[in-house]
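Inside the fold
The primary structure of each chain is shown beneath.
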Amino acid sequence: MAISARLASWLLYGVAALAPLPFGSNEPTAIAFWCIVLAVCLVLAPAPSFSPGRLALFALAVLVVVAYAFVLREQLSDHPWIAKPHPIWAETQKLLGVPLEPSVSIARNQPWFELGRPLVCILAIACGFLVGNDRGCARGLVKVIAWSGAAYAAYGIVAHLLDPTGLLWREKEAYLASVTGTFINRNTAGAYFGCCAVVWSLLFWERVRLEMPVGPIEWRKMPGRLFSNTPRKIIVYFAMLFLCLAAMFMTGSRGAVVLSLFALVVAFTAFWRRDLPRKSGILIALAGGGAAALILLQLMGAGVNARFDLQGAGDEGRLETYKSTLRMIADHPWFGTGQGTFAYAFPAYRSSNVSMWGVWDIAHNTLLEIASDMGVPIAVLVVIAWVVIFAVLIHGARVRRRDLIIPIAALAVGLVAVLHSLIDFSLQIPGYSIVALALIGTGLAQSLGSARKLSDASNMLLVSEHAPASELEKSEAGIRADIAAL
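Each chain has its residues counted from 1, running along the sequence as written. At least 70 in pLDDT is required for a residue's local features to be given in this predicted model, at least 80 for side-chain atom pairs to be given and counted, and no such filter applies to totals for whole chains, interfaces and linings, which use all residues. Think of the side-chain values as coming from all heavy atoms in the structure, minus any hydrogens and water.

We now examine helix H6 (residues 116-131). Only runs of H or I of at least four residues qualify as helices and only runs of E of at least two qualify as strands under DSSP, and these elements are numbered from the N terminus. Each helix should span, by expectation, one fewer than its residue count multiplied by 1.5 Å. If you check H6, its first and last C-alpha atoms are 22 Å apart, about what 16 residues at 1.5 Å a residue would give, namely 22 Å. For each residue, the accessible area found with a 1.4 Å probe, counting protein chains only, is set against the maximum for its type, and the residue is called buried under 20%, exposed over 50%, and partly exposed in between. Within H6 the residues assigned to the buried category are Val120, Cys121, Leu123, Ala124, Cys127, Gly128, Phe129, Leu130 and Val131. On its buried side, H6 packs onto helix H1 (3-18), helix H2 (28-44), helix H3 (52-76), helix H7 (135-162) and helix H19 (430-447). Any pair of residues with heavy atoms lying within 4.5 Å of one another is described as a contacting pair.

To pair, rings of Phe, Tyr and Trp, with the six-membered ring standing in for Trp, must have centres within 6.5 Å; the planes then decide the type, stacked if under 30 degrees apart, edge-to-face if over 60, and tilted in the middle. This model, assessed by the stated rule, comprises 18 aromatic pairs. Where Phe70 meets Phe335, the ring centres are 6.2 Å apart and the plane angle is 55 degrees; that geometry is what we call tilted. Placement of Phe70 in helix H3 and of Phe335 in the loop between helix H14 (316-331) and helix H15 (342-345) is noted, with a sequence separation of 265 residues between them. For the pair Tyr152 and Tyr192, a centre-to-centre distance of 6.1 Å together with 65 degrees between the ring planes defines the contact as edge-to-face. Linking Tyr152 in helix H7 with Tyr192 in helix H8 (residues 186-211), this pair joins segments that are 40 residues apart in sequence. The burial state of Tyr152 is the same as that of Tyr192; both residues are buried. The structure contains a cluster of three or more aromatic residues connected by ring pairs, namely Phe204, Trp205, Phe238, Phe268, Phe271 and Trp272.

Attention now moves to the state of the cysteines. The criterion for a disulfide is a pair of cysteine sulfur atoms lying within 2.5 Å. Enumeration according to the criterion identifies zero disulfides in this entry. Considering cysteine sulfurs only, Cys35 is the nearest to Cys121, which forms no disulfide, with 8.9 Å between them. You can call Cys121 buried: its relative accessible area is 17%. Cysteine Cys137 shares no disulfide, and the gap to the nearest cysteine sulfur, in Cys41, comes to 9.8 Å. Using a relative accessible area of 6% as the deciding quantity, one classes Cys137 as buried.

This part takes up a nonpolar patch on the surface. On the surface, Phe50, Leu55, Phe58, Val62 and Val66 cluster together into a nonpolar patch covering about 460 Å² of accessible area. For Leu55, the location among the structural elements is in helix H3. Leu55 sits in the partly exposed class, given a relative accessible area of 45%. Only residues whose relative accessible area exceeds 30% and that form no salt bridge are eligible for patches; like-charged ones are grouped when within 9 Å, while nonpolar side chains (Val, Leu, Ile, Met, Phe, Trp, Tyr) are grouped when within 5 Å. Using a 1.4 Å probe, accessible areas were evaluated by the Shrake-Rupley method; residue-level cover was limited to the displayed protein chains. Salt bridges are defined by distance alone: a side-chain nitrogen of Lys or Arg within 4 Å of a carboxyl oxygen of Asp or Glu.

All right, on to the pattern of salt bridges then. A complete count under the given rule lists nine salt bridges for this structure. Measuring nitrogen to oxygen at the nearest pair gives 2.8 Å for the salt bridge that ties Glu206 to Arg139. With Glu206 in helix H8 and Arg139 in helix H7, this residue pair connects regions lying 67 residues apart in the sequence. Here Glu206 matches Arg139 in class, with each residue buried. With its nearest N and O atoms 3.2 Å apart, the salt bridge here joins Arg318 to Asp424. With Arg318 in helix H14 and Asp424 in the loop between helix H18 (405-421) and H19, this pair connects stretches of sequence that are 106 residues apart. Taking the relative accessible area as the measure of exposure, Arg318 reaches 17% and is therefore buried. Through salt bridges that share partners, Arg135, Arg139, Glu206, Arg400 and Asp403 make up one connected network.

Before going further, it helps to spend a moment on the packing of H7 against H19. In the contact formed by H7 and H19, the axes pass within 10 Å of each other and the chain directions differ by 155 degrees. Viewed along their axes, H7 and H19 adopt a mutual orientation that is roughly antiparallel. Between H7 and H19 lies a crossing of left-handed hand. Across from Arg135, Ala138, Leu141, Val142 and Ile145 in H7, the residues of H19 making contact are Val435, Ala438, Leu439, Thr442 and Gln446. Its residues assigned to classes, the contact of H7 with H19 comprises seven nonpolar, two polar and one charged. Inter-axis angles, ranging from 0 to 180 degrees, are taken between N-to-C directions of lines fitted to C-alpha atoms, where helices are fitted over the stretch in contact. Orientation labels follow simple angle bins: below 35 degrees gives roughly parallel, above 145 gives roughly antiparallel, 65 to 115 gives roughly perpendicular, and whatever is left gives oblique. Helix crossings get a hand from a simple test, with the near helix turned counterclockwise from the far one by less than a right angle marking a left-handed crossing and a clockwise turn marking a right-handed one. Residues are grouped as follows: nonpolar covers Ala, Val, Leu, Ile, Met, Phe, Trp, Tyr, Cys and Pro; charged covers Asp, Glu, Lys and Arg; every other residue, Gly included, is treated as polar.

Within the secondary structure, Ala124 sits in helix H6. Taking the C-alpha atoms as reference points, Ala124 and Ala39, separated by 85 residues in sequence, lie 9.1 Å from one another. With residues up to four places along the chain from it excluded, the contact list for Ala124 reads Leu38, Ile434, Leu437 and Ala438.

It is worth spelling out unusual backbone geometry at this point. With a phi close to 55 degrees, Leu168 is a non-glycine residue in the positive phi region. Among the secondary structure elements, Leu168 is positioned in the loop between strand S1 (166-167) and strand S2 (170-171). Taking the relative accessible area as the measure of exposure, Leu168 reaches 26% and is therefore partly exposed. The phi dihedral of Tyr175 falls on the positive side, at around 55 degrees, and the residue is not glycine. Examined against the element boundaries, Tyr175 turns out to sit in the loop between S2 and H8.

Okay, the nonpolar core next. Throughout this description, the term nonpolar core refers to a set of buried Ala, Val, Leu, Ile, Met, Phe, Trp, Tyr and Cys residues connected via side-chain atoms within 4.5 Å. One finds Phe193, Trp200 and Tyr432 to be the most contacted residues of the largest nonpolar core, which totals 105 residues. In terms of residues, this core owes the most to one element, H8, which gives 14 residues. Residues in contact with Trp200, not counting those within four places in the same chain, are Ala146, Trp147, Ala150, Tyr237, Met240, Leu241 and Cys244.

What follows is the structure, given as structure tokens:
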């Protein structure tokens, strides 16, 4: 591997491991720093070979970036090409009797100050894609995310037990009864620990599969093999999985816990799909995984269950906020009110059915906030991009045999990130979004191989379905040796 590629991989590892540390990297200084580091990583990362699938994905990314840049230009310009200035400027000028230069944004230059958050997300997924083209680097990133997540989980639990009023070197202002790790918000912490638990579960199942004999699995004999002379790595991986699950439950986040348990079931089913009975195996796996998730929720989720009993599954304040945000979008559908201006624009639309206590500076729905800040066309492009990303990751989970956990981990983490962002703002916190998007970029890279690699993957699938058992055993034995070596 070239020195520049090695440096790029280590930079990405460092960012993925350290981004959650300084209070979720939610301060402007931390965001700017990670933008610089990821930009250097992007420059050093090797250029990939472009297959048709990669070219299509690259074209979609360019379309989203260009459209975003155009809207940003309209919001920042004193003389926009087609957008109309926000009417508040004319009203203010009339009241003050002073000439004012109008702007598309309700707060002048605020879109520029808020540029760091979307930029760091774009850089994270791009760096993950370029660095993740190398399968060794891709597996390295998965392990870095897993081990750093376990370290943050251990810190969060210990810090909560010793001093629940402290958060690193600051005083904790909220969520004193919840574990938040190095994050300020418990919901973001819950989503992060849940994603780390998903990654650990896949590393655990992969190691379990390596301990099984080559060929079809005899499920009834599986527990006996695992509990008699259990390998040390399986014990360690299970302990790390349990640690991340414990931290996740201790956050008390309803949405993060439920979505993470759902992702764990999806990851388990996708990983064991080829070893399950053909007709009813997937349904049995989903049902069994769902039952196990409910048992975990009952045994470890006392705080989460208490919040469900007290507040139910929904939040009336958020529902009213969503309705108010939709009215904002209806008034400014094309170019929004300006990136990062939700806190300034929302008070005029705030519903009277919401308590006057507190300030709604975030929509608690990232898609709605994008539509209100940047306009409906950008929000539609973001939805299309995510649909394509999930389609590619599902394709990778279906065709890959070697390093199968990489596209599955990216798919499961992507499900948690996107679904949770529809009820909260976890993807707007760089300490979480950098980790999730870097892994998703790596999953895309490992799902979109060259034409030759895809052909080899198809041949492997064909072998698994029609070839004699001896050929299948040789194929699986080679994969096992490669995984064990890594």
